[in-house]
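# Working through the structure, step by step
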Amino acid sequence: MASFTTFLRIDMPTAVDAEDGGRNPPFEIEVAADGEIPFPQVILRGASGEHVIGGGAIERAPAGSDEVIYVVRVPGGLIGAGETRVQIEGCRKADWRAASGGDWIKAFRALQVNPAKPAAGAAARVGVGAAGADVTLYFGIHKHMHQPYYNTTDALYWDGEKDAIFGSRTGNYTGFIPAAVRQYAGGGLAHAGLSTSWSGSLIEQLNRCARDGLCGGSFSGWNEALQALAAEKTALGNPRCDFTAFGFFHPLMALIPARNIVKQIAWHRRIVRETFGVEASPVMFPPETAFHVRMIPALIEAGVEAVIYDSIHRFRACRDYPYAGMSEGMLPPNRAEQVDPPAHDWLQLHNIWAGSKIAPSLLRPEYVAYEDPGGRVHKMICIPAERYIGNEDARGGFGALQYGSVLGQVHDRIVADGSFDPKHPPFFLLHSDGDNHGGGADSYYHHNTAGLVRWLQEDRRFELTTVRDYLDRFPPNPDDAIHIEPGAWSGADNGDPQFMKWFSRYNEPYSPDLNSWATLTAFQNMVHSVEDAEPEHPALADAIRLMLTAETSCYWYWTGQHVWDQQVTDAANLGHAMLADAAVAGRRDATPPTVFAPWVIPENPGGQTWGNNALRDAPREGVVHTFVHDISGLKRVDLVVRTVGDGAAGERRIAMTNRGPYPTRTGAAVTADYCTADLPAGAGDIRYFVEAEDRRGNVARSALERIFLA
């Protein structure tokens, strides 16, 4: 008998329909080899885990040709719906434990397990709400695309690592999204589409790849399919692929000045228009899904009409929120954030990871209000992206998330609670990176999307829709404005309200993150001052680009790695050198101080905080921290405190302690002053802001913040 050296053919189905239990039926794989295989086996890898098939499940067929044929009998019930990777392998040694890598011959195939089709007359029951209306749950999909600049001072920096990073995402940045959206249209889903956010830094680098032939030329014409897709419309005439508003360089918008939020969005709108041939959406996906109500005035100024946020921060803003403890990954909500009415339909999701309960009745777009220090109220539509279901979808769509089962729990809870409002039905987004992990895989956009479309064609409890179609059909009521706790999505260390992913090591004598914020605050003030007083300065445009680049949130995300911790300082130092001769620095400063968004330690004074892998009582004494800088020097920095209910008469002014420029270990030329103030212990529910005056009489106010001091 000839020695086994290769597989001659492999016959197996490319797709099977799941049985009633939602898992694969029995099927066979026929493997032909050029010789006898001493140790054959098959490995199935899918969302349900890994399954090895060997031994008696593989039989050699009777000899009758030059081929040696093996029949692999795959039992039913092993794998769920979605794509499974099939590895067929044979070891040329009977004792596989003595084999080396060269002794294994392997081949790979893909198997799609389609969702089970309901039997005739057995379609999923559609719940009935008020006035006999069918309960339909609407949902959408959002895909986020981003690459930062890996050198803030050299946009042309490139190496083999960058070539690999971009090259491994060719499909994500070219044809994957069009492939998915065209399946929605081809499946007759009238309102279906998706929204997608593309950072300007990614687009610029893809344009360079196309121009210079980087990544083996794979990005030549990279945006053509996306441009063609941009013209396709839903039944209501909205884009099936909505390129959302975004910040050009992926800034954490909750932590940068309002004027820079406006500029980042304006720059991004321009490059979307130039690249995809359409206007960016009035809907915005903020980087890291990081939202704070203090962003609202700047977003409105930038032309944004609705903003996406992570749903847990709506739930935690309710009175009587059922805090789940440490499994939630965040501290208890601060009582000042819990101002919305209680919910009565709390639901613990099953068959996915969910660290806390959700309230389906709150999963819908609503107006959110923010009151500034002057008493003016600003409102904006906010759209929930469901934290836990979105997380599961990010693992790979169908095959990771069993849509009908998981979304069915939400649907059934709405029916049981009687909370369905046909004028404002439930709607949420499934949000994830579109170029990482399972949610960015080829299978997500192709095979799993096909399964999603088939499911929606058969199950009328659910409808996939774009954000803009939903808002056209079911506009929220501006008179019913609510509050949302600050925070990001769970991918940012659970996205806590204090944005501590970007304040790493804040409680140590030196923090690389705080160094970067102090450096950036000083740089922002320099650029703003020159922009206001010397708008024709020859280096201003380059300095503005450096400032906006330095706001990239990634430079704080990987704290402790020098290559990232150094980026903000490098940009700021170069920018300061460019503007060193600005006349405004000595004579015409009309720009008020730049005040960094203040933060409070401990996060819940008198409540609970972290300690030794457990929750512990927090000190009642809270301290407000901030960075402040002005090129003309600071005259005063005050903390203004208002007790809720007292009105203006209840204001207290506390002089903040100026601890001098924040220490730097990155060689920053200038860092902002580090200012702190003690909050009155036990003061209850307060509002506060920082007011700073420079030596020329220019006064700045921060946003109005809130905290409860127990």
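Remember, it's a predicted structure, so these values are computed and weren't measured experimentally.

Quick notes on the rules
- Residues numbered from 1 in each chain as written.
- Predicted model: local features only at pLDDT ≥ 70, side-chain atom pairs only at ≥ 80, totals over all residues.
- Heavy atoms only, no water.
- Pairing = 2+ DSSP bridges.
- Helix = DSSP H or I, 4+ residues; strand = E, 2+ residues; numbered from the N terminus.
- Axes fitted to C-alpha atoms, helices over the stretch in contact; angles between N-to-C directions.
- Phe/Tyr/Trp six-rings, centres within 6.5 Å; stacked < 30°, edge-to-face > 60°.
- Buried < 20%, exposed > 50% of the residue type's maximum accessible area, 1.4 Å probe, protein only.

### Details of the sheet that holds strand β7 (residues 68–74)
The strands that make up a sheet pair up through hydrogen bonds in the backbone, lying either parallel or antiparallel. Taken in spatial order, the four strands line up as β1-β3-β7-β6 in an open sheet, and their pairing is antiparallel. With one partner strand each, in any of the chains shown, β1 (7–11) and β6 (58–60) form the two edges of the open sheet. Strand-to-strand, the axes of this sheet are offset by a mean angle of 20°, without reference to chain direction. Two strands pair when backbone bridges link them, and β6 and β7 are joined in this way by three bridges, in the antiparallel orientation. Within β7, the residue paired with Ile58 across the bridge is Val72.

### Remarks on the packing of aromatic side chains
For the coordinates displayed, the defined rule picks out 45 aromatic pairs. A ring pair is formed by Tyr138 and Tyr470, whose centres lie 6.0 Å apart and whose planes are at 65°; its orientation type is edge-to-face. Here the residue Tyr138 occupies a position in strand β10 (residues 137–145), and Tyr470 occupies one in helix α11 (residues 467–473), the gap between them amounting to 332 residues. One exposure class covers both Tyr138 and Tyr470, and it is buried. An angle of 45° between the planes, with centres 6.5 Å apart, marks the rings of Tyr149 and Phe249 as tilted.

### Thoughts on the pairing of β10
Successive residues of a regular strand alternate their side chains across the two faces of the sheet. The buried fraction of β10 amounts to nine of the nine residues, a majority that puts the element mostly inside the structure. Side chains Leu137, Phe139, Ile141, Lys143 and Met145 project from β10 onto one buried face, and the interleaved Tyr138, Gly140, His142 and His144 project onto a second face that is buried too. As defined by bridge partners, β10 adjoins strand β18 (residues 462–464) across three bridges and the pair is classed as parallel. If you follow Phe139 over to β18, its bridge partner there is Leu464. Pairing geometry for β10 and strand β17 (residues 427–433), over seven bridges, is parallel. In the strand pairing of β17, Lys143 is matched with Ser432. Across four bridges, β10 lies against strand β11 (residues 194–198) in parallel orientation. What sits directly across from Lys143, in β11, is Thr196.

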